[in-house]
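Observations on chain architecture
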Protein chains: 2
Amino acid sequence: MHSQFTIDCVILSFDNGTLQVLLTERNEYPYKDWWSIPGYFVDKYEEMEDAVYRICHEMTGLKNIYMDQLAAFAGVKRHPEGRILTVAYLAFVQYDSIKSKIKPVSTYMKQAKWFAINDLPDLAFDHLEIINKSLGRLKNTISYSASLYELLPEKFTLTQLQLLHEAILGKTLDKRNFRKKINTLGYLKPLDEYQKGVSYRAAKLYKLDKRKFHKVIGQG
Amino acid sequence: MHSQFTIDCVILSFDNGTLQVLLTERNEYPYKDWWSIPGYFVDKYEEMEDAVYRICHEMTGLKNIYMDQLAAFAGVKRHPEGRILTVAYLAFVQYDSIKSKIKPVSTYMKQAKWFAINDLPDLAFDHLEIINKSLGRLKNTISYSASLYELLPEKFTLTQLQLLHEAILGKTLDKRNFRKKINTLGYLKPLDEYQKGVSYRAAKLYKLDKRKFHKVIGQG
DNA sequence: GCAAAAGTGTTGGGGTTACACCCATGG
DNA sequence: CCATGGGTGTAACCCCAACACTTTTGC
């Protein structure tokens, strides 16, 4: 028995210099065979915080990802079978580590697939609007949120981090200034490891020092 | 005929150096005779943007105030008669100009009254949580939002503006630095008018130049 | 004249911007 | 040896924080 509202999850990632969003192909009416952001009805006695994890898992196969509430959407005509309110959530995940795990558990979705944010298919319901709202949120919370680093591999190069910032902000940044700033932040740990398999000078790898991050951000 | 979700309005104001929130005394069960933030059910075919104005007017007598969506709240136990999701909205209004107009239109509320944010009565439902979330939002959006100035009279002194910032940020600010910063903003218009009825040097009055505000903020 | 708040500048430090070349690696 | 991205410093400027006294007014 479920309630009369749904949860939809905007799951963003970063690959190839562009932001990616995880979409699912619907296997049920309405909007059968359309791409949509993963979502479903909340159970009657289920807290939203629990529902969002369950639904994300059932629709995409992904587990244990951290989601933030984005907004409620309740346009009278957003759902063809009568108004259904949805609460949208936003999550960041790193592309590579979960690539192979993406597969709907529920038969409600046929498949799940990444799409570049600039090259989306037609979307079910008002899901385009929801995605656009997510991008605005991302722009505002950049650099205040550890979850930004969920978008990158655990070990990343400074160039990857810069490309991510550029993709979010929609403008190019100066390499030297970017690195200077990164240094002053104090919560990026340089590793004694380097990129592999590239046909040019291998870049140093870094990782987020979560301890220090929370110390620094907690105060600022 | 209404839907199965409600809208609740956090209406903030500023008077006497402290933030104030407008609460309504409930005249119906559940939580009859309790103080609550004004809210009610959305009609089945009513857009949220319309509902929020209607509900605000019916419960408080206030019209034409601008509201922003804050978040959805849907705790299983938040409503004693079964889970009811609410979408909370946030508005700022200036205290003096609407003091006399505050009176519920609907009999669903007995009265509406301002409370200092630091001295709230027990509240119905999860309304305390909703108010606390509003204050967090206010802190984050300070100085980016023209609606901040809805909290002040149309003509205000720089000291009033400073006290408002201090109330929101929860710390004192340096007078000279504050004024210097205000000057650089470029969207506060000094008037050729002064405070009246004070027993000390009368302060110059200012008002927000909305034209310039949108020019400046639109770019930054 | 006194109480109460208005109004006003300067300095030092920290952060941001603009800008260009050499280095290491794989093919 | 060439193509590709990795990595590095300095100077000008702007913004922010710290700090105290004089002015105006009503009573």
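Residues numbered from 1 in each chain as written. Chains lettered and ligands numbered in written order. Predicted model: local features only at pLDDT ≥ 70, side-chain atom pairs only at ≥ 80, totals over all residues. Heavy atoms only, no water.

1. Topic: unusual backbone geometry
Between Tyr29(A) and Pro30(A) the backbone carries a cis peptide bond, its omega angle lying at -5°. Inspection of the secondary structure assignment puts Pro30(A) in the loop between strand S2 (18-26) and strand S3 (35-36). With a phi close to 60°, Asn64(A) is a non-glycine residue in the positive phi region. Tracing the chain through its elements places Asn64(A) in the loop between helix H1 (48-60) and strand S5 (67-73). We classify Asn64(A) as exposed; its relative accessible area is 75%. Here the phi dihedral of Tyr31(B) falls at roughly 60°; this positive angle occurs in a residue that is not glycine. (Helix = DSSP H or I, 4+ residues; strand = E, 2+ residues; numbered from the N terminus. Buried < 20%, exposed > 50% of the residue type's maximum accessible area, 1.4 Å probe, protein only.)

2. A look at the packing of aromatic side chains
To describe a pair of aromatic rings, you give the distance between the ring centres and the angle between the ring planes. A complete count under the given rule lists 16 aromatic pairs over all chains for this structure. Site record: aromatic cluster; members linked through ring pairs are Tyr31(A), Trp34(A) and Phe125(A). (Phe/Tyr/Trp six-rings, centres within 6.5 Å; stacked < 30°, edge-to-face > 60°.)

3. Focus: the protein's contact with DNA strand D
The environment of DNA strand D is formed by 17 residues, the closest being Lys175(A), Lys180(A), Tyr200(A), Lys204(A) and Arg201(B). Across the atoms of DNA strand D situated within 4 Å of the protein, the share located in sugar and phosphate is 36%. A distance of 2.9 Å is found between a base nitrogen of DNA strand D and a side-chain nitrogen or oxygen belonging to Asn177(B). Elements that contribute at least two residues to the surface near DNA strand D include exactly helix H5 (175-185) of chain A together with helix H5 (175-185) of chain B. In terms of residues, the surface near DNA strand D owes the most to one element, H5(A), which gives four residues. By residue class, the composition of the surface near DNA strand D is four nonpolar, three polar and ten charged. (Near = heavy atom within 4 Å. Polar contact = N/O pair within 3.5 Å; in protein donor to acceptor, adjacent residues only side chain to side chain. Nonpolar A, V, L, I, M, F, W, Y, C, P; charged D, E, K, R; others polar.)

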